Structure formats: C-alpha cells, structure tokens
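Structural characterization, general
Residue-level listing of the chains:
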Amino acid sequence: MISTTADSPLVEQSAHSHVQEGFFRKYLWTFDHKMIGLQYFWTALFFLFVGGALALAVRWQLAMPGTEIPVIGRFLPQTIAVDGAIVPGGYNMLVTMHATIMVFFVVMPILIGAFGNYLIPLQIGAGDMAFPLLNELSYWLYVVSGFVILGAFFAPGGAPGTGWTAYAPLSAVAAYNGTRVGQSMWGIAIFINGLSSIAGATNYITTIVNLRAPGMKMFRMPLTVWSLFVTAILLVLAVPVLSAAAAMLFADLNLGTSFFKPAGGGQPLLWQHLFWFFGHPEVYIMILPAMGLASEIIPVFSRKPIFGYKAMVYAMMAIGVLGFMVWGHHMFVSGMNLTLSAAFSVSTMVIAVPSAIKTFNWLGTVWRGSIEFKTPMCFALAFVSMFVIGGLSGIFMASTPVDLFVHHTYFIVAHIHYVLFGGSIFAIFGAVYFWFPKMFGKMLNEPLGKLHFLLTFVFFNMTFFPMHNLGLGGMMRRIADPTVYEHLRQLQPLNQVCTIGAMGLGFTTFIFIWNIIYSLRNGPAAPANPWHANTLEWTVPSPPGHGNFPHTPTVYHGAYEYSVPGLEEDYLPQNVPAPDHARLESH
Amino acid sequence: MSTAVLTHDAPAHRGASPATCKFGMIIFLISEGMLFAGLIAGYFVLRWTANGFPWQPGSAWPPDASLPHLPVLLTSINTVFLVSSSITFHISESAVQKGRSGLGWLALTILLGATFVVIQGFEWVHLHHEGLWFDKGGIYGSSFFVITGFHGMHVAIGVLLITWCFLRQSATRCFTPQHHPALANVALYWHFVDVVWIILFTLLYWV
Ligand code: HEM
Ligand SMILES: [Cu+2]
C-alpha cells in the first residue's frame, strides 16, 4: 500500500519530463521554485568559497602576522596586502567582508533561499510558490547585491573595514574609515539584499498560509515549514529596520547628513540600536531554519516521532517574539542604564529556555530510537551538540558583569562560530546530504560523506574551541597583529592551532565539493524515498517533475509517524491514511 | 508548453488568486511599515537625546532659531490632495466593481498624486533656499529630507503604478468586476502610502 502510493507518480513523471525549455528559461529566468532553490544553492556555494578564502587569509595573518601569503598574496589588491603580506587596514577589510558575505550571502541564502524555496511548496503539497515571478526577482536581487558587495573590493580606497556590524562613527565618517565608496557599496548591497529577503519572506508567508494541500493543517506541517514560517515573519519585521539604517548610513557618507555623526548632532549609538534591533532577530533568522532542518533529519534516522511536536512549534514562536526584546545584550558596554542592562540580561536568559526546550526534544527524539548513523544524521547530531556549546557561552555573555569582560574578545568569536558554523552550517551540510537525492536524483557517496563529517567536526572544534581560551585570555576581536600586545604573546601558539584547524576545514570542503561533483556524475540513482521518510516531497520522484504533484495530495496526519504500533512499515507518509487500529501521534 | 502535459490541479505557475495576492501585499506593506518605523524612531531618538522630550524646557523644535520652520499651511493643503487621491482611487475601484471603466476617477487620482509630488518638490526647493538641507541644519535637516524623501519616492512609485493601471485599463479594459487584483493591490499600496503620510505629517510638522 505504502510503496505503491510512494512510487506510482513515477509512471506519470515520464509524461511530465518532456516539457522542453531553452537554457535561459530553464536555468536563468525560471519560475519553478525548485530551480530557483538550486540557483540559490549554487550561488551561495560560490559565496561560501569566497567567504572561506577570506577567513583563511584572516587566519594566516593571525598565526603569522606580517608574513607573505604564498602564491596568492601578490594578487591581492594593494589596499589589502602589500608585497603579499596583509596590512592592518586590509586585515579589517578581510574580517568585514568575511562576516558580511557569510551572513548575508551564504547562511541566509542557503537556509532560506535554497532550502526554503525547495522545500516549502513540496512539503505543504503545493505546485509552486504563490508568486513565482517575485520568487525569481528575489533571487536576482540577491545576485545584484552580491555583485555590489564583491565590487567593493575594487572601490577606490578599498573594501569596507568596519566589521559586519559597521559601528558608527567609524563607518559614517569617510575621514575616519577612508573607504567612502566601499562603505557606501556595503550599504547598497545590504539594502538590495534586504529587498531580496523581504520579497522572499512575503512569498513564503503567503504560500504557507494560502497554498497548503487539503488536510495539511498548520499543526500537521513539518517543522521545517514551521521554522521557515517563523523566520519569514522575523525577516519581514526586522530586515526593513536594517534597510533604514543602511540608508541613513549611505546618506551620512554621501549626502552630508548627520544621523550617526556627533559633529552634526547625530548619535553613534543610534546605529547600534537600529543594527541590533535587526541583528538579534537576524541571528535567529539564521538558526531557526537550521533547527527546522535538523528536526526533519533526526526523527527519520531515529525511526521515532519527533518528541514534543507542539512544544517545538511554540518554542519557535517564543524565540521569534523574545528575539525582538533582547537586542540590548550586544550593547552592555555602551554605557546604558544599569537597570535596562539588567532587563536585557534577564530577557536574554529567558530566550535560552525555548532553545533548551528544543534541545531536550531532539534528545528525547533520539532517546531509545533505532539510530542509523548516516551522514545527514551525523551532521544533525553534531548540530545539536555544537549548538549547546554555543548556547551555553551565550548564557555567559548574557550576564552583564561577565560580558563587560568578554565583550569584544575572541570569546564572542567562539560563540558566533559555535552557533553559526557548528549550528547553521552543520545543519546545512546535513540537509544537503539528506535532500541531495531529492534535488538531483542521485545519492551522495556515503563513505566520502562520513569522511567529510569526521574531518569537519574535528577541524571545526580545533579551530574554534581555543578561541574561548583566547578570549578569556584577553585577546580582542579585529586586531591585525596579536603579537604586538605583551599579554597576548604567550597565547600565540593557540592562534596557530586555530589556523591549522581552519586550513583543515578549508581542505575538507574540497571533499564535499568532490562528493557533489562525483555523485552528480556517477552516483547511484536515487529512489523516490531513499530514507523512508514521511513528508510529501518523498512521495514524488527524485527530482520531482514540473509542478511537483501530478495530483494535489491529501494529507491525513502529521509528518512524524515513525514506528507506529500496529503498522507493518515503520513509516507512514503524510498522504497515506492510517488504518483504524494504528495508534498515531498526531491528529 | 501545453497544459495537457501538466496535469495538475495544484496551482503551479498559474496566477495566484486575488485573495492570495491581497494577502501577499499586506505582508509586504507590514514590512514597509517597519521601514518607516525605523526611520521615524531614529528621528525621535536623535531629537529627544539632543533637545529633551517635548514636555521638557528647551525642547523647542527646530532647535536653532535661525533654522526655517516647516511650511505647515502649504503641506496641510498638500495633505488634503493626497487624502482626496485615496478617496478618488476608492471611487474608481468601486466603479470597476460595478462594471464601469473607472478611468475618469483613476485619472483624477494620478493628477492628485502627481500634484502632491510637485508641491513636495517645491517645498524641498523652498527649504533649501531657507538654509535647510541634507547637510544643513543638523539632524533636523537630515531627518526631514531622508524621511520625506523615502515617502516621496513611495508616492512617485505609486503614481507610476496607477498610471500603469490606467494605461492597461484604457487599452484593454482588463479590470472586470470579478477580476481586478492588480488594481486592488495598487489601491492597497496607495492607501498605505497615504496613511504613512498622515503619520509622518503629524510627527514631523506638528510634534
Ligand atoms: C542560547 C541562546 C543565545 C544567547 C543567550 C546568546 C547571547 C549572546 C550575547 C549576550 C551576545 C553579545 C556578546 C557581546 O558582544 O558581548 C551574543 C553575540 C552574538 N550571538 Fe548569541 N546568543 C544565543 C544564541 C545565538 C544564536 C543561535 C546565534 C546565531 C545563529 C547567535 C549569534 C550571535 C552573534 C553572531 C553574535 C555576535 C555579534 C557581533 O558582535 O558580531 N547567538 N550572543
Ligand atoms: Cu543577540
């Protein structure tokens, strides 16, 4: 019964697939959410490569300050490296561009643009997004913003060097930063990228609310869809505030306004408030979809229903709401009123509660399951454990007295990377291994995947764990040469360990790229449902045909009916009605 | 590409239903609302930290007697134009719903919207002569020009969108009582721009 339902569309697929389109309509200007998702995927992978290269340059400089970068050093612009060795101003540019690219051009586009686009219509049983043209426009706006940000490298004066947080007055006064054009291009790129995000988010919310298949009640939706739904709401509310701030910054630099310039009566602190009002929701924008992806992978490879489905949903909503009330925890040292600071401390600690609920629910899901350590599962479990480390360092920093000491040190850098690399990127890797068969119709190579996982896990911790110690040892963020500080010289070996780890991560990524290339060409063909999963995308062929579903599916129950007592199979796709005697988790 | 090949009942690549379009537009407008909220919040943070809250002594605005006051009277008249344009747009939409073309009222809407932009432009030039500009008059000038600039841009885009509706309607009579989602969405946008203006007008000119 189950297998016929899952496989029968194959027959009709052959009728689907001879819709022939030219290269341009198929790959460049397409209205198919799946292809748009893949456009995002490949573009973001390209940016991952760029951002990673920048990070390696940063690590090179920190391990061996002032030494020439072999081979490529001489090709870098004069503003960044002279005679192949990185100069202090150039170091700031590298850090700034690394973080800006990773946040706005890698993590967001892969999680939201690629997986969001690919999975939302498939998982809710829709043929496409509500507004396909808007969807494609949002992708091209992202590409345009990408050109602008990369163009900043070639601006007179060089790329912006004020950090991804672009604190004023450094960012707002051209005489201070020396990169009027580069910093302005940063603002433009952020603005256009924001338009892209808002267009995408509008589309996602509309699609999820209006285009669900019959029977797909909100509380039957897979958690991936829930997570992207909450994320989209955060995007709609938070991103425009950053756009406003970026516009003001642009005006300060080019029109002579004085929003952030004390000389004209402006307030540098206003920038911090606007930036972090966006910035804190933004960090949840980057972790919620990752949580959603992991919530999909973990039950499948534990063969158990997700533990506490509704609690997971409510936790995400709580995170979404609380996320707008904690931004001050980035500004404890800004001289803010101590009562306010205490309030922000408390609200920040409160937001850790729903995060912990999610963590315990993942553990509850794995607990006594029939765990299969396939590559996606390895990454998903690593995601949970690394997120816990990052979340715990977050609690440290949430307490004002501690943060006064660790603010602007490598402790923060360690935190960021545990949540964003150990969290978001690990979940992304897991999701790639999990959904690649659906996206491309080929299985990824499992041994290569395991190798990729193992090395990433080891090198990740080697790179970022010592940063906790560096930070507590007093090493500041965004300094081009730690060895000029007396108290940091003894810590230099730790910096070198980090750099070796980072290089390991860089090389490991090639295993991943190789796996993709190799499997695309030689991988075994993927069946419709290789992991025996329940969500609707697995009921159609891999890759799904144009329009996704030959007939609109009907949904009978939630997405996590694994090992249901009384059923022969240990899974029950959402479009298969359960026999009366089956004891389901969901309704 | 024949639809026979694509035998789905799922709405792939077909236009979304009018209700769905409207929903999407509302989400987008909420986002637009946050943009203006960010700008306006910035303005008040700057103004209040520099000059004190309105109930405190010395909080007179503009801060410096040599700076020009905003032309409240002219802008009040201009506001009447913009509000009327929302009304004329609404009448035009009702006309379409009753099966008429609605073109006359649409034309009037365009005229009123364009008048608003022109008068706003005149006001900018006037204030520039009086010594207020992006880079003159500190945060007073900065905020006024950036905020009204953003809003004026929205009005100008709105005028273009209405003109686009007007041209389509006069060429093809594409808006029928049952089906006119483009018109309805542009109307929604236009009313939004109008409401934002009433808020901005109150906060910038009267507070
Ligand atoms: C348990 C939850 C979390 C808590 C309590 C927490 C707390 C904090 C605090 C207090 C800071 C400010 C530290 C300082 O600058 O002095 C911070 C910074 C940061 N957090 Fe978290 N955090 C949590 C989760 C996350 C997650 C899930 C992400 C992203 C996926 C994230 C990303 C960041 C980033 C990027 C920064 C640094 C921003 C910068 O200054 O460049 N955090 N966090
Ligand atoms: Cu935060």
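Scroll up for the structure.
Let me sum up the structure you'll find in this document. (Residues numbered from 1 in each chain as written. Chains lettered and ligands numbered in written order. Predicted model: local features only at pLDDT ≥ 70, side-chain atom pairs only at ≥ 80, totals over all residues. Heavy atoms only, no water.)

**Digging into the site of ligand 1**
Residue and element names in this part refer to chain A. The condition that has to hold: Think of it this way: one heavy atom of a residue within 4 Å of a molecule or strand is enough to make that residue near it. Polar contact is the term for a pair of N or O atoms within 3.5 Å; when the atoms are in protein, one must be able to donate a hydrogen and the other to accept it, and sequence-neighboring residues count only if both atoms are side-chain atoms. Only DSSP runs of H or I with at least four residues qualify as helices, and only runs of E with at least two residues qualify as strands; both kinds are numbered from the N terminus onward.
Surrounding ligand 1, one finds 24 residues, the nearest of these being Trp164, Asp403, His407, His415 and Arg477. In the environment of ligand 1, a nitrogen atom lies 2.9 Å from a nitrogen or oxygen atom belonging to the side chain of His415. Counting only elements with at least two residues in the shell around ligand 1, the list comes to helix 10 (268–302), helix 12 (338–366), helix 13 (375–398) and helix 15 (410–440). Sorting elements by how many residues they give to the shell around ligand 1 places helix 13 first, with six residues.

**Side note on the coordination of the copper ion (ligand 2)**
Residue and element names in this part refer to chain A. As a reminder, the rule being used: Note that water is not among the atoms considered, so a metal site may appear incomplete; the donors listed are N, O and S atoms within 2.8 Å of the metal, with 3.2 Å applied to Na, K and Ca. The buried label applies to any residue whose accessible area, calculated with a 1.4 Å probe on protein chains only, is under 20% of its type's maximum; exposed applies above 50%, and partly exposed to all values in between.
Here the copper ion (ligand 2) is held by the protein donor atoms His280 (ND1), His329 (NE2) and His330 (NE2), which lie 1.9 to 2.0 Å from it. Summarised as a motif, the one-chain spacing of the donors to the copper ion (ligand 2) is H-x48-H-H. The two metals, the copper ion (ligand 2) and the iron atom of ligand 1, are separated by 4.6 Å. Taken as a pair, His280 in helix 10 and His329 in the loop between helix 11 (309–322) and helix 12 lie far apart in primary sequence, 49 residues in all. Residue class for His280 comes out buried when judged on its relative accessible area of 5%.

**A few points about the coordination of the iron atom of ligand 1**
Protein coordination of the iron atom of ligand 1 rests on one atom only, His415(A) (NE2), at 2.1 Å. Relative to the helices and strands, His415(A) resides in helix 15.

**Describing the layout of surface pockets**
Rules: In this analysis a 1.4 Å probe is tested at points of a 1 Å grid over the protein atoms alone, and where it fits but cannot get out there is a cavity; an open set with protein on both sides within 12 Å along at least five of seven lines is a pocket; lining residues have an atom within 4 Å of a point. Grid points are joined across faces, edges and corners, and a volume is the space filled by probe spheres set on the points. Amino acids are sorted into nonpolar (Ala, Val, Leu, Ile, Met, Phe, Trp, Tyr, Cys and Pro), charged (Asp, Glu, Lys and Arg) and polar (every other residue, Gly among them).
Its volume calculated, the second largest pocket comes out at about 1500 Å³. Contributing to the lining of the second largest pocket are 42 residues, with Leu133(A), Leu134(A), Leu137(A), Met25(B) and Phe28(B) lying nearest its centre. Of all the elements in the fold, those that place two or more residues in the lining of the second largest pocket are helix 6 (132–151), helix 8 (180–210) and helix 9 (223–254) of chain A together with helix 1 (18–51), helix 4 (138–172) and helix 5 (181–206) of chain B. Here the lining of the second largest pocket is composed, by residue class, of 29 nonpolar, 10 polar and three charged.

**Some words on the interface of chain B and chain A**
Let me state the cut-off plainly: Throughout, a contact is declared for two residues whenever any of their heavy atoms are within 4.5 Å. The quantity reported as buried area is the accessible area (1.4 Å probe) lost by two parts once they are put together, taken as the sum for both. When a carboxyl oxygen of Asp or Glu is within 4 Å of a side-chain nitrogen of Lys or Arg, the pair counts as a salt bridge.
Counting residues at the interface gives 35 residues for chain B, matched by 47 residues for chain A. Both faces combined, the contact of chain B with chain A buries some 3300 Å², and carbon together with sulfur accounts for 73% of it. Viewed at the interface, chain A and chain B are joined by zero salt bridges. Between the two partners, chain B and chain A, sit three residue pairs in polar contact (both at pLDDT 80 or more). Of all the secondary-structure elements, those providing two or more residues to the side of chain B that touches chain A are helix 1 and helix 4 of chain B. Of all the elements, helix 1 of chain B adds the most residues to the side of chain B that touches chain A, at 16 residues. Each residue belonging to the side of chain B that touches chain A can be placed in one class, and the counts come to 21 nonpolar, 12 polar and two charged.

**Let's talk about helix 9 of chain A**
An α-helical segment advances 3.6 residues per turn. Residues three or four places apart therefore align on the same side. All names here are of chain A. Test applied: Under the convention used throughout, the expected extent of a helix is 1.5 Å for every residue step, that is, one less than its residue count. To obtain the bend at a residue, axes are fitted to the seven residues ending there and to the seven starting there, and the angle between these axes is taken.
With 32 residues, helix 9 extends 45 Å between its outermost C-alpha atoms, agreeing within 8% with the 46 Å of an ideal straight helix rising 1.5 Å per residue. Along helix 9, the sharpest kink reaches roughly 30°, centred on Leu235. Burial runs high along helix 9: 28 of the 32 residues are buried. The first or second residue beyond helix 9 is Gly256, which carries a positive phi of 80°.

**Considerations on the packing of helix 9 of chain A against helix 11 of chain A**
All names here are of chain A. Here is the rule: The angle between two axes is taken between their N-to-C directions and runs from 0 to 180 degrees, where each axis is a line fitted to C-alpha atoms and a helix contributes only its stretch in contact. Note on terminology: angles under 35 degrees are roughly parallel, angles over 145 are roughly antiparallel, angles of 65 to 115 are roughly perpendicular, and the others are oblique. Throughout, a crossing is termed right-handed when the near helix is turned clockwise from the far one, and left-handed when it is turned anticlockwise from it by less than a right angle.
Taken N-terminus to C-terminus, the directions of helix 9 and helix 11 make an angle of 15°; their axes are 10 Å apart at the nearest point. One way to sum up the angle between helix 9 and helix 11 is to call them roughly parallel. Judged by the twist between their axes, the crossing of helix 9 over helix 11 is right-handed. Contact residues: helix 9 offers Leu223, Trp226, Ser227, Val230 and Leu234, while helix 11 offers Tyr309, Met312, Val313, Met316, Met317 and Gly320.

**A few points about helix 3 (residues 103–130) of chain B**
All names here are of chain B. A rise of 1.5 Å per residue sets the reference length of helix 3, with its 28 residues, at 40 Å; its end C-alpha atoms lie 41 Å apart and thus fit the reference within 8%. Of the positions making up helix 3, those classed as buried are Leu103, Leu106, Thr109, Ile110, Leu112, Gly113, Phe116, Ile119, Gln120, Glu123, Trp124 and Leu127. Buried-residue contacts for helix 3 involve helix 2 (72–97), helix 4 and helix 5. Once helix 3 ends, the next one or two residues include Gly131, with phi positive near 100°.

**As for empty space enclosed by the protein**
Residues and elements named next belong to chain A. Tallied over the entire structure, the rule returns four cavities of 30 Å³ or more. Estimated volume of the largest cavity: approximately 140 Å³. What lines the largest cavity is a set of 15 residues, and nearest its centre among them are Tyr40, Pro109, Gly113, Ser196 and Ser197. Elements with a minimum of two residues in the lining of the largest cavity: helix 5 (88–124), helix 6 and helix 8. With six residues, the single largest contributor to the lining of the largest cavity is helix 8. In terms of residue class, the lining of the largest cavity is made up of nine nonpolar, six polar and no charged. Roughly 70 Å³ of internal volume is contained in the second largest cavity.

**Some thoughts on the packing of aromatic side chains**
All names here are of chain A. The test is simple: Paired rings are identified among Phe, Tyr and Trp, the last through its six-membered ring, by centres lying within 6.5 Å, and are further divided according to the angle between planes into stacked (under 30 degrees), edge-to-face (over 60) and tilted (the rest).
For the coordinates displayed, the defined rule picks out 78 aromatic pairs over all chains. Look at Phe277 and Trp327: their rings are 5.5 Å apart centre to centre, the planes differ by 75°, and that puts the pair in the edge-to-face class. You can see Phe277 sitting in helix 10 and its partner Trp327 sitting in the loop between helix 11 and helix 12, a full 50 residues away along the chain. Residue classification places Trp327 among the partly exposed positions, given a relative accessible area of 21%.

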